Amino acid sequence: MVVDIGYFAMLSAFVLAAYAIIVLAAGIRRDSYNLILSARYSSIAILVLVGVAYLALSYAFLNDDFSVRFVARNSSTDLPGFYKFTAVWGGMHGSLLLWELILAFFTATVALRYRKTNQEILPHTLIVLNLISLFLLFLLIGWSNPLARQYPAPLEGNGLNPLLQNPGMVFHPPSLYLGYVAFSIPFAFAIGSLMRGKLDNRWILSTRRWTLFAWFFLTIGMILGAQWAYVELGWGGYWSWDPVENGSLMPWLTGTAFLHSVIVQEKRNRLRIWNMVLIIATYTLSILGTFITRSGVLNSVHSFAKSNIGPAFLAFMVVILVFSLGLLFYRQSLLSSRTQTAEMVSKENAFLLNNIVFVVMCFTVLYGTVFPLLAEGLANKKLSIQAPFFNTIMAPIAILMVVLMGITHLLGWKKTSLKLLARNIAIPFILAVVPMAVVHFIFSPPWQMILLGGTAVFAGYLLILELIRSRHARVVSDKKANKTVNFRGRLLNSLVSDGRRKGGLIIHMGIVAMTIGVCGAFFNQETAFTFGPGQSKSVGRYELKFKELTEFNRNNARNVGAAIKVIRNGEVLDILTPVKSYYPTSPQPMTEVAIRHSVIEDLYISLAAINKDGTVTLNVYINPLVNFIWASVIFFIIGFVYSMSYKPVQLRKKRGSLTIDDDE
Amino acid sequence: MTMNRKLYFLLGISFTVGLVIVLIYGLFYSSRPGEIPSAQLQKTAKSFQATTFDGQAISLEQFRGQPVILNFWASWCVSCRQEAHIIEAAWQQYGDEGAVFIGIAINDTREASLGFIRRYGKTYLLAPDDKTGTISLDYGVTAVPETFLIDKTGVITEKVLGAISRKTIDSFLSGQL
Amino acid sequence: MNTRKLVLFLIGIGFSGLLFGSEDMENRVREIAHKLRCPTCQAMSVKESDAGLSLNMKQRIRELLEEGKSEDEILQFFEERYGEWILRSPKKEGISLLLWTLPGLIILVTILILIKYLWKKSRDTVGIDTSPLSKAELRQIENDLKQL
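Just so it is clear, the model here is predicted, and its values are computed rather than measured.

## Some thoughts on the nonpolar core
The biggest cluster of nonpolar side chains holds 215 residues, and the ones touching the most others in it are Val110, Trp203, Leu288, Met361 and Phe371 of chain A. In terms of residue count, helix 13 (residues 347-379) of chain A provides more of this core than any other element does, 18 residues in total. Within the second largest apolar cluster, 46 residues are counted, among which are Ala99, Ala127, Leu149 and Ile150 of chain B.

## Some words on the domain arrangement of chain A
Structurally, chain A comprises domain 1 (1-160), domain 2 (168-393), domain 3 (394-522) and domain 4 (524-627). One C-alpha centre belongs to domain 1 of chain A, the other to domain 3 of chain A, and the line joining them spans 44 Å.

## Some remarks on the packing of aromatic side chains
All names here are of chain A. Using the criterion set out here, one finds 47 aromatic pairs over all chains in the structure. Measuring from ring centre to ring centre gives 5.5 Å for tryptophan 99 and tyrosine 177, while their planes differ by 35°; the resulting arrangement is tilted. Of the two residues, tryptophan 99 sits in helix 5 (residues 92-113) while tyrosine 177 sits in helix 7 (residues 167-196), which places them 78 residues apart along the sequence. The class for tryptophan 99 is buried, based on a relative accessible area of 5%. Look at phenylalanine 443 and phenylalanine 523: their rings are 5.6 Å apart centre to centre, the planes differ by 75°, and that puts the pair in the edge-to-face class.

## Notes on helix 3 (residues 52-66) of chain C
All names here are of chain C. End to end, helix 3 covers 21 Å across 15 residues, agreeing with the expected 21 Å (1.5 Å per residue, within 8%). Listing the buried residues of helix 3 in full gives Leu53, Ser54, Asn56, Met57, Lys58, Arg60, Ile61, Leu64 and Leu65. Glycine 68 sits one or two residues past helix 3 and shows a positive phi near 90°.

## Regarding the confidence of the model for chain B
Taken residue by residue, chain B gives an average pLDDT of 89. The fraction at 70 or more is 97%. The ipTM, which scores confidence in the relative placement of chains, is 0.88 for this predicted complex, and the corresponding pTM is 0.89.

## Some remarks on the pairing of strand 5 (residues 125-128) of chain B
The side chains of a regular strand alternate, residue by residue, between the two faces of the sheet. All names here are of chain B. Strand direction decides the pairing type here: strand 4 (residues 100-105) and strand 5, joined by four bridges, are parallel. The partner of glycine 103 across the bridge, within strand 5, is leucine 126. A crossover connection joins strand 4 to the parallel strand 5 through helix 3 (residues 110-120); in handedness this β-α-β unit is right-handed.

## Side note on the interface of chain B and chain C
Contacts between the two partners involve 18 residues from chain B, matched on the other side by 18 residues from chain C. Both sides together, the interface formed by chain B and chain C hides about 1500 Å², and carbon and sulfur atoms give 56% of it. Summed over the three residues of chain B that lose the most area to chain C, namely Thr132, Leu137 and Thr142 of chain B, the buried surface amounts to 37% of that side. Linking chain B to chain C there are one salt bridge. The salt bridge involving aspartate 138 of chain B is made with arginine 81 of chain C; its shortest N-O contact spans 2.8 Å. Linking chain B with chain C are five residue pairs in polar contact (both at pLDDT 80 or more), by the criterion used here. When residues in the side of chain B that touches chain C are grouped by element, the largest group, four residues, is from helix 4 (residues 134-138) of chain B. For the side of chain B that touches chain C, the residue count by class is seven nonpolar, eight polar and three charged.

## A word on the packing of helix 13 of chain A against helix 14 (residues 387-408) of chain A
Relative orientation and spacing of two packed helices are given, respectively, by the angle between their axes and the distance between those axes. Residue and element names in this part refer to chain A. The N-to-C vectors of helix 13 and helix 14 enclose an angle of 165°; their axes lie 10 Å apart at closest approach. Viewed along their axes, helix 13 and helix 14 adopt a mutual orientation that is roughly antiparallel. The crossing of helix 13 and helix 14 is left-handed. A per-class count over the contact of helix 13 with helix 14 returns 17 nonpolar, five polar and one charged.

## Some remarks on unusual backbone geometry
Looking along the chain, the bond that leaves tyrosine 151 of chain A and enters proline 152 of chain A is cis, with omega of -5°. Inspection of the secondary structure assignment puts proline 152 of chain A in the loop between helix 6 (122-141) and helix 7. At the junction of valine 144 of chain B and proline 145 of chain B, the peptide bond is cis and its omega measures out at -10° in the coordinates. As for its placement among the helices and strands, proline 145 of chain B is situated in the loop between helix 4 and strand 6 (146-150). Unusually for a residue other than glycine, aspartate 31 of chain A sits at a positive phi of about 55°. Looking at the element boundaries, aspartate 31 of chain A is found in the loop between helix 1 (2-30) and helix 2 (33-62).

## Comments concerning the packing of helix 2 (residues 24-33) of chain C against helix 3 of chain C
All names here are of chain C. In the contact formed by helix 2 and helix 3, the axes pass within 10 Å of each other and the chain directions differ by 120°. Taken together, helix 2 and helix 3 sit at an angle that is classed as oblique. Both helix 2 and helix 3 take part in a crossing whose hand is right-handed. Contacts from Met25, Glu26, Arg28, Val29, Ile32 and Ala33 in helix 2 reach Lys58, Ile61, Arg62, Leu65 and Glu66 in helix 3. Here the residues of the contact of helix 2 with helix 3 sort into six nonpolar, no polar and five charged.

## Concerning the sheet that holds strand 8 (residues 594-597) of chain A
Residues and elements named next belong to chain A. The sheet built from four strands is open, its strands ordered 1-10-9-8 with antiparallel pairing. At either end of the open sheet lies a strand with only one pairing partner, and these are strand 1 (525-531) and strand 8. In this sheet, adjacent strand axes meet at a mean angle of 15° when their direction is disregarded. By the bridge criterion, nine bridges tie strand 9 (residues 601-610) to strand 10 (residues 616-624) in an arrangement that is antiparallel.

What counts and what doesn't
- The residue numbering used here restarts from 1 in each chain and proceeds along that chain's sequence as written.
- Whichever chain is written first becomes A and whichever ligand is written first becomes 1, with later ones labelled in order.
- The predicted origin of the model limits local features to residues at a pLDDT of at least 70 and limits the giving and counting of side-chain atom pairs to 80 or more, whereas totals for whole chains, interfaces and linings rest on all residues.
- Each side-chain value is worked out from all heavy atoms of the structure, with water and hydrogens disregarded.
- Residues enter a nonpolar core if they are buried and are Ala, Val, Leu, Ile, Met, Phe, Trp, Tyr or Cys, with the set joined through side-chain atoms within 4.5 Å.
- Here the term buried applies to any residue with accessible area under 20% of the maximum for its type, exposed to any over 50%, and partly exposed to those in between, with areas from a 1.4 Å probe on protein chains only.
- Only DSSP runs of H or I with at least four residues qualify as helices, and only runs of E with at least two residues qualify as strands; both kinds are numbered from the N terminus onward.
- The split into domains, and so the bounds of each, comes from an automatic or database assignment of domains.
- Within 6.5 Å between ring centres, the rings of Phe, Tyr and Trp (the latter by its six-membered ring) count as paired, and their orientation is classed by plane angle as stacked under 30 degrees, edge-to-face over 60, tilted in between.
- Every helix has an expected span of 1.5 Å times one less than the residues it contains.
- Each residue carries a pLDDT score, the predictor's confidence in it, ranging from 0 to 100.
- Pairing between strands is defined by DSSP: at least two bridges between the two strands are required.
- By convention, orient the strands away from the viewer: a clockwise path from the first strand over the helix to the second makes the crossover right-handed.
- By definition, residues are in contact when any of their heavy atoms lie within 4.5 Å.
- In short, buried area is how much 1.4 Å probe accessible area vanishes from two parts on joining, totalled over both.
- In the sections that follow, a salt bridge refers to a side-chain nitrogen of Lys or Arg positioned within 4 Å of a carboxyl oxygen of Asp or Glu.
- Pairs of N or O atoms are called polar contacts if they sit within 3.5 Å, as long as, within protein, a hydrogen donor faces a hydrogen acceptor (for residues adjacent in sequence, only side-chain-to-side-chain pairs).
- For this classification, Asp, Glu, Lys and Arg are treated as charged, while Ala, Val, Leu, Ile, Met, Phe, Trp, Tyr, Cys and Pro are nonpolar and the rest, including Gly, are polar.
- Note on geometry: axes are lines fitted to C-alpha atoms, helical ones only across the stretch in contact, with angles between N-to-C directions running from 0 to 180 degrees.
- Throughout this description, any angle smaller than 35 degrees is read as roughly parallel, any larger than 145 degrees as roughly antiparallel, any in the 65 to 115 degree range as roughly perpendicular, and the remainder as oblique.
- For a crossing to be left-handed, the near helix must be turned anticlockwise from the far one by less than a right angle; the clockwise case is right-handed.

Okay, here's the thing in C-alpha cells:
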C-alpha cells in the first residue's frame, strides 16, 4: 500500500515536472507572471511528492518488505535499523531517488528564494532544473524503479553489501550527491542566462554560495570515501585511482577551477566565456562520473553497482553537451570581455595559470581513465592504467598547483610589486628549503616527495603570514579611523571580519595539511608475518605481541580475530584486534582492520589469515602523517563557514535604496 | 581574437566529440573489462610437468601430435561446476579419437579437489598445480575456469574465459581430428 | 610553522626505518609486486592483494629475485605470460607514447600561448597608457585587496 503510494507519487512528480516545463515556456512566451508562479509552486509539489516516494522506500526497508525487489536485494531482516535506513542509497535505484530528492529540494529552494531577484533568468533556470528532474524521474518510474515489486516475495533479503556497513560509507554517497547536485544550480543559472541572453555577472554573484556549497560537499564526500577505503578495504591505502574515484575527482578539479575563475569575472569582468565552459564541463563531468560508476564500462572495485543504465546517462550527457555548447556558441558575441589590462605578474594572471593547471589535471585524469578504451580501439591492445601511472604523471602538476596556491595570495590585482613579492617570499622559501634538504640527505626519498612536501611547507608559511597580516591590517585601519574598540570588540572583529579572505586562506591551509599527509605515504612501511600465541614481533618502533584468538558478535556479524598487544619501550600502549567478520548474508568473510592512530603515524594491522595451527598471518602497515589528510576536514569546515559568511558587495542591501535584494 | 576564438571552439568541440565517441565505443563495442586476451596465442604452449591425482606423471610434450584441451579449475569456483559435465562428456566422446583432456587444479587443497572430481565423475587427466602455481603462472591464468586449446603442433590457438561450451570444443576438435 | 615538529617526526620515522633494514628482500618483492596488477582484482596491485593468484605471483617474484633476476627481467617475465595488461603503468612505447606525452604537451603549449598573449597585452598597455596609476585607481586597488 505505502509502496504503491510512493510509486504513484513518483509518477505524479514526473507529470508535474513536465507540466512545469511547459508552463514555464508558455509563461516566458506570454510574459505571464501567473504561469511562472504556477511553475514555481509546482516545484514545491514535486519536492513533496519525491519526499513521499523516498519515505515509502525507507518504510519498505524498515519493515523488511521484500516484495520490493530493491529492498530484497539490499537488505535483510538481521540488518541493524540504522543501516536499513541508509541502505536506501546502498544500491543504484535508491541512490537515484536520493539524488532526485536533493535536486527537488534545491529546485524548490531556488524557486522560492529568488522570487524577487533574477526575475529575468529565473524561468529559464527553472526550465533547466526541471529538465534534469524530468530525466531522473523518467529513470525512476521506468528502468530503475526502486519501488518495483516482485512476487512471490522472498522470505529473506540478500543483505546489504558488508562493505557498505560502515559509517564512512553511510555519509560518503549523500555528501557526494549534495556536491554534484549543488553544481547543477550554477549550471542551471548559467544556461538560464544564456537562454535569456542576459549575460551580466549576476548569475555568478547569485550562485557564489551554491558553488561553495557544492565544492565543500564534494570535497567532504571524497575524503569520506578515502577514509572508508582506508579502514574498510584493508590494503593500507586510501586512494587507488580507480575509475570511480577518478569520476568524482574530475568534477572536483573543474569545479575548483570554476570557484577561482568566477572571482576574476566578479572583480575584473574577464573570463566570461571561460566560466561558462567550466561550469558546463563540471556538470557534464558529474554526469560522466555517474556514467562510469553505473555502466561498468571501465574496471572498477565499485562494480557491484553495474547496471544497464549506462546508455541513458550517456545520452543525457550528449544532450547536455550539445544543448549548452550550442547555446554558448550562439551567444558568444554577448560574452566578449572588455579587455582589462594587467601586468604580467598579477593576481588575475595567476588565476589564469591556476585554471590551466586544474583543467590539465582534469584532462590527465580523464585521459588516463578512458585511455584503455582508446588503446583497444586504435591499437587493439589491452592496457592497465593504474596508480603508478597517475602518481608519476600527476605529481609535477600537483607541485605546480601548490606553489601557485601559496603565491597567488601575495599578488595584487592588475599589478604587483616584484620587489615586495620577493621580500615576502624569501624567508618562507629558505625556511622550506632547509628542512627539505635535511630530509633529502637523511632519507633520500623520491624527488616528487621533496618538491611536493617542500612546496606544501612553503605555501603553509605564506598562508599563515597572510592570515596574520590580514588581522594586522585590520588593527591598523581601525587605529587610523580613530576607532576606539575595546579588547573584546577587537577580538570579535578580528574573528568575524574579512570572511572571504580568511575562508580562502583557511581552506588553502587544509590543502597544505592534505598535501603533507599525502607526502607521508612516501615513508610508508609494511610487512607481513605469521606468528603464534605468546610470540612477538617488532615492527618499526613497536613490538607486537599475539595475546590470543578471540571471537565475538558485533551487529549482525560474527567476528573472529587476534588480540594483539602493542608495546613500545616495554609499555603496553594498546590492544588491537583485527578481525575477520562473517556476515550471514555473505559467503566470504570481510577483513576488518585495527588501527592505532597518532599524530605522527598510524599503526595499521589487517588480518590476512587465521591458520589451522592457531597462528595468524598479519599485514602490518605504518602510515606516517596520514592523519593530516583527515585533519584537513577541520580546515575545510572552518574555511567554508567563513567563505559562506561573505556576501558580494554588489548584492548587499543598500541602506535607503529601494531595490530589495534577497539574493543568497 | 575572433580567429583564435573560432579555433578554440573547434578544439573544444572536437575534444568533446572524441570523448563521446570513445565512450560509445566503450559502451557498445569494446570487450568486457575482464576479457583478457592471452599473450601466448599462436605461440608454442609452454611445456610443463605434473603428477595426476592418481600418481601418473605427465608432461605436455608427450602429447605432441594430439590436440590438447588444457583446463584450469578449482573446487571453490562456481563456473567450474557449470562446465564439469560438459568437459567430461566431451572427453568420453573424443578421448578415443586421440584428443587429450587435462585439468589443472589451482589454489586448491588436495582433499577438496578429490571431492570435486568424485562429485562430478571426472575421469580425464587431472592434476594439481604445484604450491606456487607454476603452471598457471606460465599460462598467464587470470581467473578460473580458463581453458587453453592447443593444436597438434603444440601451438595455443585459443583461450576460453569462463565456463567452456560444448560448441567450442566441438569446433576446435573437428579441425584437429 | 611546525617545521621543527615535522623534522622531528621524520627523524623518528627514519629510526624506525632502520629496524626494517633486515627485510630488504621482502621490500624488493613488494616494490616489484606494486608494479603488477592483481589479475583477479580491479584497481589493486599484486602487492595489495591476498588473492590466491597474487600470492603465487609474489612467491614467484621472490624466487626470481633469488635466482638473481633484475626488476626489468621479472617484469618482462610476467609480461610474456600475461601481456602488457599486467603492468599497472604502460610502457613508454607505441600507442602508450600518446598517453605519456599528451598531458605534458598540453600544459606546455597552453602556458606558452598564455604567456605570449599576456606579454602582448601587457606591452599594448604600455603603448596606450604610460602614465602611472591615478590616485583613484590606487584606491580602487587597495579596496580590491581589502575585499579579498
